[in-house]
Amino acid sequence: MFKYLIAFHLSIAFLRISYILSGYIDLSTEEAQYWLWSKHLDWSYYSKPPLIAYMNAFSTTILGDTEIGVRINAVILGFLTAVLTYITTYTIFKSYFNDKKELEIFAFATSIFIYGIVGYNIASIIFLTDTPLIFFWILTVLLFYKAVNEKKPSLWIGTGVSAGLGFLSKFSMVFFLPPALIYIFLKKREIFREKWFYISILIASLFTIPVIVWNFQHDFVTFKHVGTLEGANIKEISIKKSFQYMGDYILGQIAINSIFLFPLFLYAIIKGFRERNKNEVIYLWLFPVIVFLFFLYVAFKKRVEANWPAFGYATLYILTVYYIFHKKLFKTATVLFILSVISISIMFYTPVLDRIGLGNLLPPEKDPTKRLVGWKELGQKVTDIVSELPDGRYLIFSENYHIASELAFYVKGNPQTYCINLGRRMNQFDLWESINRFANKNYYGVYVTEWSLRKNVKDAFEKLVKHEKFEVKFRGKTVRRYNIFVFKGFKGIKEIRIERY
């Protein structure tokens with residue numbers, strides 16, 4: 001069975017590589033930002049830990065600064081996550097099945113089931129910090145379960161290392177500890193007397209040192225940023241907005257998983273609670289429920305992005321397939337799974353909606369894919385503009401880190417770009433060398449923005465040389481517009497003091 005498992009998931013991985021090579025979508029702005037971090041390797045970064053930068057540095061050294069050079073990480077981790085899902089399912093439920101063949105089919109089905117999950121498919125093509133986090137999350141789930149039940153030092157060490165690498169992927173890995181502790185308290189209290197349990201936590205904690213040291217050197221900006229994201233600085237809470245945020249959050253969780261499979265997830269949560277006396281069931285149940293509830297609490301105070309809790313649902317998918325098998329829901333689950341896969345396939349190529357006459361279901365203006373197109377063309381436009389300027393005597397900048405990151409990737413030669421502060425919150429660009437180091441050195445400036453020209457930008461140069469407009473068209477509609485200003489004689493710009501994180 002295992003060789004068929006590997007063959008199946010490898011075939012999906014090759015399909016994903018083909019999709020990336022087709023060039024239909026450009027790098028997302030976050031992917032471009034993390035790629036740019038790999039050109040400035042450090043112990044940590046403003047908003048995220050460093051592993052994604054290291055992975056990008058390694059992969060692009062081999063495959064070049066290309067889309068596939070970045071996204072091969074997502075494809076490989078997506079493949080490994082599917083295989084790991086099989087192994088985890090097989091390991092946790094092996095005592096439930098008398099027939100080994102039936103157990104293998106169950107575990108195989110679970111590894112296939114995740115292809116019906118929106119978030120998993122996105123993370124297996126678009127390389128964001130969620131991608132390695134999801135992999136190390138489920139790896140830690142597996143190793144921790146084995147360590148608790150087998151009590152081998154090697155498994156406790158592996159758990160600590162896996163959790164540590166998860167933390168270096170994304171800080172959200174810390175959410176593994178609360179449900180793990182609750183599980184031990186409920187089912188395995190003797191573990192609290194096991195020294196290797198504490199050694200495992202110590203090992204995981206060692207991986208936080210680079211981030212802490214870096215933050216000590218940079219005024220703890222990451223702590224300020226994370227605190228802002230969690231709503232720590234919110235003093236007044238509007239009940240109306242709170243209900244709106246929580247409603248959006250719940251709808252976002254349905255969307256990031258699957259609107260079609262949601263009834264099955266809800267059924268698994270309810271049944272899991274009722275059967276919480278079962279060791280394996282409560283273990284798989286605790287992680288998604290606690291993660292969901294924590295972010296629901298955050299949503300009471302502020303808007304929560306749909307992907308923030310997505311890492312915590314890995315064990316929910318295993319639990320769901322368990323109940324599909326246990327309650328013989330095969331026909332219903334198969335229909336819902338097929339519908340989910342079809343919808344995900346369309347999501348990655350939405351022009352098919354126009355071709356079959358269903359374009360109004362998701363018009364271009366509301367299509368999230370619009371954020372993944374047009375960057376290559378914008379980069380080429382800026383490349384053409386700077387080719388007419390004195391070689392090396394120009395600056396490319398924006399007030400938006402999304403634009404600045406994409407231009408760094410798509411402008412020929414991958415020049416260092418700059419993100420000036422005209423009233424935005426802090427970002428990684430603010431920790432690198434300032435654009436003002438080029439003041440009064442006869443530099444040209446290429447300013448790319450979605451807004452009109454601001455006075456302090458205009459005053460930073462001797463004169464405006466050129467103004468061009470650029471439109472991004474998608475599915476026959478204009479979905480974004482940019483202004484490109486070319487200046488001569490950079491004198492230095494007065495940026496606004498950072499007050500928001």
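It should be noted that the structure appears before, not after, this text.
Criteria and cut-off values
- Residues numbered from 1 in each chain as written.
- Predicted model: local features only at pLDDT ≥ 70, side-chain atom pairs only at ≥ 80, totals over all residues.
- Heavy atoms only, no water.
- Helix = DSSP H or I, 4+ residues; strand = E, 2+ residues; numbered from the N terminus.
- Buried < 20%, exposed > 50% of the residue type's maximum accessible area, 1.4 Å probe, protein only.
- Contact = heavy atoms within 4.5 Å.
- Areas by Shrake-Rupley, 256 points an atom, 1.4 Å probe, with all protein chains shown as cover.
- Pairing = 2+ DSSP bridges.
- Phe/Tyr/Trp six-rings, centres within 6.5 Å; stacked < 30°, edge-to-face > 60°.
- Lys NZ or Arg CZ within 6 Å of the ring centre and 35° of its normal.
- Core = buried A, V, L, I, M, F, W, Y, C linked by side-chain atoms within 4.5 Å.
- Salt bridge = Lys/Arg side-chain N within 4 Å of Asp/Glu carboxyl O.
- 1 Å grid on protein atoms, 1.4 Å probe; cavity = no way out; pocket = protein on both sides within 12 Å on 5 of 7 lines; lining within 4 Å.
- Points joined across faces, edges and corners; volume = space filled by probe spheres on them.
- Nonpolar A, V, L, I, M, F, W, Y, C, P; charged D, E, K, R; others polar.
- Polar contact = N/O pair within 3.5 Å; in protein donor to acceptor, adjacent residues only side chain to side chain.
- Axes fitted to C-alpha atoms, helices over the stretch in contact; angles between N-to-C directions.
- Parallel < 35°, antiparallel > 145°, perpendicular 65-115°, else oblique.
- Left-handed = near helix turned anticlockwise from the far one by under 90°.
- Lys, Arg positive; Asp, Glu negative; His and termini not counted.
- Patch = residues over 30% accessible without salt bridge, like charges linked within 9 Å, V, L, I, M, F, W, Y side chains within 5 Å.

Scanning the protein chain for helices and strands turns up 21 helices and five strands. Projected onto its principal axes, the C-alpha coordinates of the protein chain cover approximately 80 × 55 × 50 Å. Out of the 501 residues belonging to the protein chain, those deemed buried represent 54%. Of all intrachain contacts in the protein chain linking residues separated by at least 6 positions in sequence, the fraction that spans at least 24 positions is 77%. A total of about 23000 Å² of accessible surface is found on the protein chain, and carbon and sulfur atoms cover 62% of it.

Within strand β3 (residues 444-449), six of the six residues are buried, leaving the element largely enclosed by the surrounding structure. Here β3 shows two buried faces, one formed by Tyr444, Val446 and Val448 and the other by Gly445, Tyr447 and Thr449. One ladder, built from four bridges, connects strand β1 (residues 394-398) with β3; its direction is parallel. In the sheet register, Phe397 faces β3, and the bridge partner there is Tyr447.

Looking now at the pairing of strand β5 (residues 477-490). Of all 14 residues in β5, ten are buried, a share of seventy percent or more. Pairing geometry for β3 and β5, over five bridges, is antiparallel. Within β5, the position partnered with Gly445 by the bridge is Phe487. In terms of strand pairing, strand β4 (residues 461-474) meets β5 through twelve bridges, oriented antiparallel. Across the sheet, residue Phe461 finds its bridge partner in β5, namely Phe490. The antiparallel pairing of β4 with β5 creates a hairpin that spans two residues between the two strands, and Arg475 there sits at a positive phi of about 55 degrees.

Here the structure, examined in full by the defined rule, presents 57 aromatic pairs. Where Trp37 meets Tyr45, the ring centres are 4.5 Å apart and the plane angle is 10 degrees; that geometry is what we call stacked. When its relative accessible area of 1% is taken as the criterion, Tyr45 is described as buried. Aromatic side chains Tyr115 and Tyr120 sit 5.6 Å apart centroid to centroid with 75 degrees between the ring planes, which places their arrangement in the edge-to-face category. Here Arg189 stacks its cationic end above the ring of Phe185, 4.0 Å away from the centre of that ring. We note Arg276 situated over the ring of Phe273; from NZ or CZ to the ring centre the distance is 4.3 Å.

The biggest cluster of nonpolar side chains holds 145 residues, and the ones touching the most others in it are Trp137, Phe144 and Tyr283. No other element matches the 14 residues that helix α7 (residues 130-150) contributes to this core. The contact partners of Trp137, leaving out residues within four places of it in the chain, are Ser172, Met173, Phe175, Phe176, Phe287, Val291, Phe311, Gly312 and Ala314.

Side-chain pairing between opposite charges can occur once the charged atoms of the two side chains come close. Following the criterion strictly, the structure yields 21 salt bridges and no others. Among the salt bridges present, the one from Lys376 reaches Glu67, with a minimum N-O distance of 3.7 Å. Here Lys376 is found in helix α19 (residues 375-386), whereas its partner Glu67 is found in helix α4 (residues 67-93), with 309 residues between them in sequence. The class of Glu67 is buried, set by a relative accessible area of 15%. A salt bridge links Arg437 to Glu433, with the nearest nitrogen and oxygen atoms 3.5 Å apart. The exposure class assigned to Arg437 is partly exposed, which follows from its relative accessible area of 37%.

With that out of the way, let us pick up the sheet that holds strand β2 (residues 418-419). Strands sit in the order β2-β1-β3-β5-β4 across an open sheet of five strands; the sheet is mixed. Each edge of the open sheet carries a strand with a single partner, namely β2 and β4.

A few words on empty space enclosed by the protein. Taken as a whole, this structure holds two cavities of 30 Å³ or more when the rule is applied. In this structure, the largest cavity occupies an estimated 160 Å³ of space. Among the secondary structure elements, those contributing two or more residues to the lining of the largest cavity are α4, α6 (118-123), α7, α13 (239-257) and α16 (314-326). Within the lining of the largest cavity, the residues separate by chemical class into eleven nonpolar, four polar and no charged.

Turning next to the side chain of Asn427. Checked against the element boundaries, Asn427 lands in the loop between β2 and β3. Its relative accessible area of 4% is what places Asn427 among the buried residues. Reaching out from Asn427, the side chain makes a polar contact with the backbone nitrogen of Phe429 at a distance of 2.9 Å. Beyond its immediate sequence surroundings of up to four residues, Asn427 is in contact with Tyr46, Tyr401 and Cys419.

Moving on, we get to the packing of helix α1 (residues 2-21) against α4. Between α1 and α4, the least distance of the axes is 10 Å, while the angle of their chain directions is 155 degrees. With respect to α4, the axis of α1 lies roughly antiparallel. For the element pair α1 and α4, the recorded crossing hand is right-handed. Residue-level contacts link Phe2, Leu5, Ile6, His9, Leu10, Ala13, Arg16, Ile17, Ile20 and Leu21 of α1 to Glu67, Ile68, Arg71, Ile72, Val75, Gly78, Phe79, Ala82, Val83 and Tyr86 of α4.

Another point: the side chain of Glu399. Locating Glu399 in the fold gives a position in the loop between β1 and α20 (401-410). For the buried Glu399, no salt bridge exists, and the shortest N-O distance to an oppositely charged side chain is 5.1 Å, to Arg454. Engagement of the side chain of Glu399 in a polar contact is seen with the side chain of Tyr447, the distance being 2.8 Å. A polar contact of 2.7 Å, which involves the side chain of Glu399, links it to the side chain of Thr449. Not counting chain neighbours up to four residues away, the residues in contact with Glu399 comprise Cys419, Ile420, Leu422, Arg424, Tyr447, Val448, Thr449, Glu450 and Trp451.

Turning our attention to a nonpolar patch on the surface. A contiguous nonpolar surface patch, about 310 Å² in accessible area, is contributed by Leu177, Leu181, Tyr198 and Ile201. Secondary structure elements with two or more residues in the nonpolar patch: α9 (177-187) and α10 (195-206). Looking at Leu177, the relative accessible area reads 37%, which means it is partly exposed.

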